[in-house]
Amino acid sequence: QVQLVESGGGLVQAGGSLRLSCAASGLTFSSYAMGWFRQAPGKEREFVAVISTSGGYTAYADAVKGRFTISRDNAKNTVYLQMNNLKPEDTAVYYCAANRVVVRNSNAYDYWGHGTQVTVSS
């Protein structure tokens with residue numbers, strides 16, 4: 001049974017930082033590209049970042065480029081999202097997801113976590 005468990009969300013002031021983690025189990029983690037997505041109230045889920053199986057390739061949404069960094073530790077079966085200079089518009093539930101290939105389309109992802117709430121106050 002595949003499980004993806006996010007952690008690290010919380011309440012932070014604008015300009016602050018948070019580091020999200022996503023611990024994976026039940027799959028060969030190093031064989032999966034990992035993505036982060038987010039969904040704000042009343043909005044559709046949107047792509048945030050993706051990382052290849054080895055970590056050698058990353059891609060970001062324009063809205064977070066230069067502020068967020070995705071990374072992974074295959075020895076720990078964990079993917080991270082370092083979020084710096086947070087803005088109120090970053091407020092959302094953040095989800096990690098696993099897929100065999102590197103894509104931005106959320107519909108292509110095989111497995112999803114339950115999400116962690118990030119709230120940025122102004």
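What you are looking at is a predicted structure, and each value in this text was computed from that prediction instead of being measured. (Residues numbered from 1 in each chain as written. Predicted model: local features only at pLDDT ≥ 70, side-chain atom pairs only at ≥ 80, totals over all residues. Heavy atoms only, no water.)

## A word on the side chain of Thr-116
Part 1 of the argument: Take Thr-116: it is sitting in strand E11 (residues 116–121).
Part 2 of the argument: Judged by relative accessible area, Thr-116 falls into the buried class, the value being 11%.
Part 3 of the argument: At a separation of 3.2 Å, a polar atom in the side chain of Thr-116 contacts the main-chain amide nitrogen of Gly-9.
Part 4 of the argument: If sequence neighbours within four positions are ignored, Thr-116 has contacts with Glu-6, Ser-7, Gly-8, Gly-9, Leu-20, Ala-92, Val-93 and Tyr-94. (Helix = DSSP H or I, 4+ residues; strand = E, 2+ residues; numbered from the N terminus. Buried < 20%, exposed > 50% of the residue type's maximum accessible area, 1.4 Å probe, protein only. Polar contact = N/O pair within 3.5 Å; in protein donor to acceptor, adjacent residues only side chain to side chain. Contact = heavy atoms within 4.5 Å.)

## Considering the sheet that holds strand E3 (residues 18–25)
Part 1 of the argument: Strand order in the open sheet formed by 4 strands is E1-E3-E8-E7, and the pairing between neighbours is antiparallel. The two strands at the open ends of the sheet, each matched to only one other strand, are strand E1 (3–7) and strand E7 (68–73). Taking each pair of neighbouring strands and ignoring which way they run, the sheet shows an average axis angle of 15°.
Part 2 of the argument: Direction of pairing for E7 relative to strand E8 (residues 78–83): antiparallel, over a ladder of 6 bridges. Residue Ser-71 lies in a different strand from E8, and its bridge partner there is Tyr-80. (Pairing = 2+ DSSP bridges. Axes fitted to C-alpha atoms, helices over the stretch in contact; angles between N-to-C directions.)

## Focus: the packing of aromatic side chains
Part 1 of the argument: Tallied over the full model, the rule gives 6 aromatic pairs.
Part 2 of the argument: Ring geometry for Tyr-95 against Trp-112: centres 6.4 Å apart, planes inclined by 80°, an arrangement best described as edge-to-face. A residue pair is termed long-range when its members are at least 10 positions apart, and Tyr-95 in strand E9 (residues 92–99) and Trp-112 in strand E10 (residues 111–112) qualify at 17 residues.
Part 3 of the argument: Given a relative accessible area of 13%, Tyr-95 falls into the buried group.
Part 4 of the argument: Through a chain of ring-to-ring contacts, the aromatic side chains of Phe-37, Phe-47, Tyr-95, Tyr-109 and Trp-112 assemble into a single cluster.
Part 5 of the argument: Over the ring of Tyr-95 we find Arg-45; its NZ or CZ atom is 4.1 Å from the centre of that ring.
Part 6 of the argument: Just above the ring of Trp-112 sits the side chain of Arg-45; from NZ or CZ to the centre is 4.4 Å. (Phe/Tyr/Trp six-rings, centres within 6.5 Å; stacked < 30°, edge-to-face > 60°. Lys NZ or Arg CZ within 6 Å of the ring centre and 35° of its normal.)

## A closer look at the state of the cysteines
Part 1 of the argument: Taken as a whole and assessed by the stated rule, the structure comprises 1 disulfide.
Part 2 of the argument: Between the sulfur atoms of Cys-22 and its disulfide mate Cys-96 the distance is 2.0 Å. Every disulfide takes its handedness from the sign of the S-S torsion; for Cys-22 and Cys-96 that torsion is 50°, giving right-handed. Of the two residues, Cys-22 is situated in strand E3 and Cys-96 in strand E9; the sequence distance between them amounts to 74 residues. Residues Cys-22 and Cys-96 agree in their burial class; the two are buried. (Disulfide = S-S within 2.5 Å.)

Geometric descriptors of this kind do not, in isolation, establish any biological role.
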